[in-house]
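Summary of the model geometry
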Amino acid sequence: MRVLVVFVLGVSLAGGELVSKCDLRDPLMAMMGSLIGERGKQEIPSLEDKVAKIVCYVEFASGFNTAAVNQLDLQSSEPKEVWKLYGLFQLSNHLVCSEDDDKDLSKNICEMNCNKLVDDNITDDIECLSTVLKAFLKDGWNNKEQLEMIKNIFQERCGDKTSLDYFSDCS
Ligand SMILES: [Ca+2]
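So, here is what we can say about the structure in this document. In this text, all values refer to a predicted model and were calculated from it rather than measured experimentally.

**Let's talk about the environment of Cys 56**
Along the chain, Cys 56 turns up in helix H2 (residues 47-62). Overall, Cys 56 belongs to the buried group, its relative accessible area being 6%. The sequence separation of Cys 56 and Trp 141 amounts to 85 residues, and the corresponding C-alpha distance is 23 Å. Among all residues touching Cys 56, those that are not within four sequence positions of it are Arg 157, Cys 158 and Tyr 166.

**Considering the nonpolar core**
Ranked by size, the top nonpolar core spans 47 residues in total, and within it Leu 24, Leu 28, Phe 89, Leu 91, Val 96, Leu 129 and Met 149 carry the most contacts. Of all the secondary-structure elements, those providing two or more residues to this core are helix H1 (21-43), H2, strand E2 (69-74), strand E3 (81-86), helix H3 (123-139) and helix H4 (144-154). Ranked by the residues each element gives to this core, the list is headed by H2, at nine residues. Not counting residues up to four positions away in its chain, the partners in contact with Leu 24 are Val 19, Val 55, Val 58, Phe 64, Leu 88, Phe 89 and Ile 122.

**So, the coordination of the calcium ion**
At 2.2 to 2.3 Å from the calcium ion lie its protein donor atoms, namely Lys 116 (O), Asp 119 (OD), Asn 121 (O), Asp 124 (OD) and Asp 125 (OD). Read N to C, the donor residues that coordinate the calcium ion are spaced as K-x2-D-x1-N-x2-D-D. The exposure class assigned to Asp 119 is partly exposed, which follows from its relative accessible area of 23%.

**A short note on the packing of aromatic side chains**
Applying the stated criterion across every chain, the model contains two aromatic pairs. Both rings, one in Phe 136 and one in Trp 141, keep their centres 5.4 Å apart while their planes meet at 80 degrees; by these two values the pair is edge-to-face. Assessed through its relative accessible area of 15%, Phe 136 is described here as buried. Under the relative-accessibility criterion, Trp 141 is labelled exposed at 63%. In this structure, Lys 21 is placed above the aromatic ring of Tyr 166, and the distance from its NZ or CZ to the ring centre is 4.1 Å.

**Structural notes on the environment of Val 96**
Checked against the element boundaries, Val 96 lands in the loop between strand E4 (91-92) and strand E5 (97-98). Placed 40 residues apart in sequence, Val 96 and Cys 56 show a C-alpha to C-alpha distance of 21 Å.

**Overview of the state of the cysteines**
What makes a disulfide is a covalent bond joining the sulfur atoms belonging to two cysteines. Taken as a whole, this structure holds three disulfides when the rule is applied. One disulfide bridge connects Cys 22 with Cys 170, the sulfur atoms lying 2.0 Å from each other. On the sign convention where negative is left-handed, the bridge of Cys 22 and Cys 170, at about -85 degrees about the S-S bond, is left-handed. Placement of the pair is Cys 22 in helix H1 and Cys 170 in the segment after helix H5 (163-166), with a sequence separation of 148 residues. Across the disulfide, Cys 97 is cross-linked to Cys 114 (sulfur-sulfur distance 2.0 Å). Since a negative S-S torsion denotes a left-handed disulfide, the Cys 97-Cys 114 link at about 90 degrees is right-handed. Here the residue Cys 97 occupies a position in strand E5, and Cys 114 occupies one in the loop between strand E6 (112-113) and H3, the gap between them amounting to 17 residues. Across this residue pair, the class does not change: Cys 97 and Cys 114 are buried.

Criteria and cut-off values
- Residues numbered from 1 in each chain as written.
- Predicted model: local features only at pLDDT ≥ 70, side-chain atom pairs only at ≥ 80, totals over all residues.
- Heavy atoms only, no water.
- Helix = DSSP H or I, 4+ residues; strand = E, 2+ residues; numbered from the N terminus.
- Buried < 20%, exposed > 50% of the residue type's maximum accessible area, 1.4 Å probe, protein only.
- Contact = heavy atoms within 4.5 Å.
- Core = buried A, V, L, I, M, F, W, Y, C linked by side-chain atoms within 4.5 Å.
- Donors = N, O, S within 2.8 Å, 3.2 Å for Na, K, Ca; no water.
- Phe/Tyr/Trp six-rings, centres within 6.5 Å; stacked < 30°, edge-to-face > 60°.
- Lys NZ or Arg CZ within 6 Å of the ring centre and 35° of its normal.
- Disulfide = S-S within 2.5 Å.

Here is the structure:
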């Protein structure tokens with residue numbers, strides 16, 4: 001069984017802010033809706049449950065802090081890889097964004113600098129998450145980095161709470 005170990009490098013509110021799960025629900029519903037299209041909405045009637053899962057991941061992984069940066073040791077990788085995870089969605093510096101001092105490390109599929117994932121503007125973070133999901137839908141299980149990222153986002157953390165439970169305090 002693989003073990004995910006997350007070390008907190010430093011979570012600071014300097015330059016970041018806390019968002020609420022209710023702030024995230026609607027933009028993520030819109031993003032997921034446009035990602036899967038009308039046909040997908042019929043096939044996935046519980047879209048809000050999927051969104052609840054993502055938001056629950058955000059709560060667990062970044063504490064809703066837009067400036068969260070953590071480190072993830074991929075124990076199963078050979079050679080051993082250490083990812084830096086950025087922002088609300090804790091997206092990987094090996095996949096989505098590039099850092100100033102190591103531009104060759106990443107596939108940079110979101111074509112952005114990692115510091116854009118720790119600022120107060122969450123719109124580009126949501127767009128980048130959409131890019132990760134799109135890339136995964138296109139490549140399936142074939143891309144290791146995408147697979148690791150998706151597994152991390154959708155791993156079970158909130159049990160079988162439905163969106164009704166999870167978003168019950170949102171209007
Ligand atoms: Ca941002």
